[in-house]
Amino acid sequence: MWDHEIRAMASTHAIIAGSVFMATVLPTVLVPGFSVYGTHLLWLYSVSAAVAAVSGTVFWLLGVTAPTKKHTLGYKLSRLFRSCVYFFLSCLFFHTVVVLYGAPLIESALETFSLAVLLSSLTTLRCLCVLGPNVQAWIRVFSRHGAMSVWDTCLQITVACTLIGAWVGAFPIPLDWDRPWQVWPVSCSLGAIIGYLTGLVVAPAWIHYHRKQLTYKCK
């Protein structure tokens, strides 16, 4: 029933996954001494920027972005401004949550906020692309049986995989292994990205497998 949308979703996810790969490979050629561990924050922002740019462009071209009731320039600028505000607030929210889970409050504050930016780029930005700056729609989608389209279901899966990946990535940090990937927040950001990429693969596959059982309420 939704074969066309599932194929579009799989293609979109392949492009976004490719942007993560390019954001990792290109800096190694262009930036001397670049490495995921050695210049971790640079890599983290490189991935965040690549995912943000590619996701926004692809979702807009596919017409997945939530439609606007008004088409005036002022309304579109207002919508863009609200999206930027929501993204910044999301960064602050993730930063606070990570600190509450045990990250240093003052020491390594830049690293913690950088992880928050990455998490916002992988989760909140996707919500903005699919649902727009509409908190009520976000609450609906992440409530039980709140999905109204395959893209809503995809959003649930990718966000969950990303957050679980970041959470699992924190487990090796206190272990006394003295590995470079145990430095804060390397393992968490790696876990988040691995979880995100896993979600990109799992979401269309899960939806395709369960497509006959999926039913959505009318918008």
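Residues numbered from 1 in each chain as written. Predicted model: local features only at pLDDT ≥ 70, side-chain atom pairs only at ≥ 80, totals over all residues. Heavy atoms only, no water.

1. What to know about the overall build of the protein
Helix and strand content of the protein: 7 helices and 0 strands. Each helix and strand of the protein, placed in order from N terminus to C terminus, yields the pattern α-α-α-α-α-α-α. For the protein, the C-alpha radius of gyration of 18 Å lies close to 17 Å, the compact-globule estimate for 219 residues. Dimensions of the protein along its principal axes, counting C-alpha atoms only, are 55 × 40 × 35 Å. The burial tally for the protein puts 43% of its 219 residues in the buried class. Taking the intrachain contacts of the protein between residues at least 6 apart in sequence as the baseline, contacts between residues at least 24 apart amount to 71%. Split by element, the accessible area of the protein, about 12200 Å² in all, is 70% carbon and sulfur. Charge-centre separation for the protein: the mean point of 14 positive side chains lies 21 Å from the mean point of 7 negative side chains. (Helix = DSSP H or I, 4+ residues; strand = E, 2+ residues; numbered from the N terminus. Rg over C-alpha atoms; globule rule 2.2 N^0.38 Å. Buried < 20%, exposed > 50% of the residue type's maximum accessible area, 1.4 Å probe, protein only. Contact = heavy atoms within 4.5 Å. Areas by Shrake-Rupley, 256 points an atom, 1.4 Å probe, with all protein chains shown as cover. Lys, Arg positive; Asp, Glu negative; His and termini not counted. Charge placed at Lys NZ, Arg CZ, Asp CG, Glu CD.)

2. Brief notes about the pattern of salt bridges
Once their charged atoms are close, side chains differing in charge can pair, the charge on each being opposite to the other. In total, this model carries 1 salt bridge according to the counting rule given. One salt bridge connects R140 with D152, and the closest N-O pair in it is separated by 3.3 Å. Note that R140 is positioned in helix α5 (residues 135–141) and D152 in helix α6 (residues 150–169), a separation of 12 residues in sequence. Owing to a relative accessible area of 23%, R140 belongs among the partly exposed residues under this scheme. D152 sits in the buried class, given a relative accessible area of 2%. (Salt bridge = Lys/Arg side-chain N within 4 Å of Asp/Glu carboxyl O.)

3. Structural notes on unusual backbone geometry
That bond from W184 to P185 is cis: its omega, 0°, falls within 30 degrees of zero. Structurally, P185 can be placed in the loop between α6 and α7 (186–209). Phi angles above zero are rare outside glycine, and S108 is one such case at about 60°. Among the structural elements, S108 can be located in the loop between α3 (73–100) and α4 (109–131).

4. Quick notes on the environment of C84
Locating C84 in the fold gives a position in helix α3. Exposure remark for C84: the relative accessible area of 48% places this residue in the partly exposed category. For C84 and P133, which are 49 residues apart along the polypeptide, the C-alpha to C-alpha distance reads 9.1 Å.

5. Quick look at the UniProt feature "transmembrane region" (unreviewed entry) in the protein
Residues given the UniProt feature "transmembrane region" (unreviewed entry) here are residues 12–30, 42–63, 84–106, 112–132, 153–171 and 183–207. The span residues 112–132 shows a helical share of 95% and a strand share of 0%, and its end C-alpha atoms are spaced 26 Å apart. For the annotated span residues 183–207, helix accounts for 88% and strand for 0% of the residues, and the straight-line distance between the end C-alpha atoms is 37 Å. (UniProt positions renumbered as here; feature names shortened; annotations may be inferred.)

6. Let's talk about α6
The terminal C-alpha atoms of α6, which comprises 20 residues, lie 28 Å apart, in line with the 28 Å expected from a rise of 1.5 Å per residue. Counting buried positions along α6 yields 14 of 20 residues, so the element is predominantly enclosed. (Expected span 1.5 Å × (residues − 1).)

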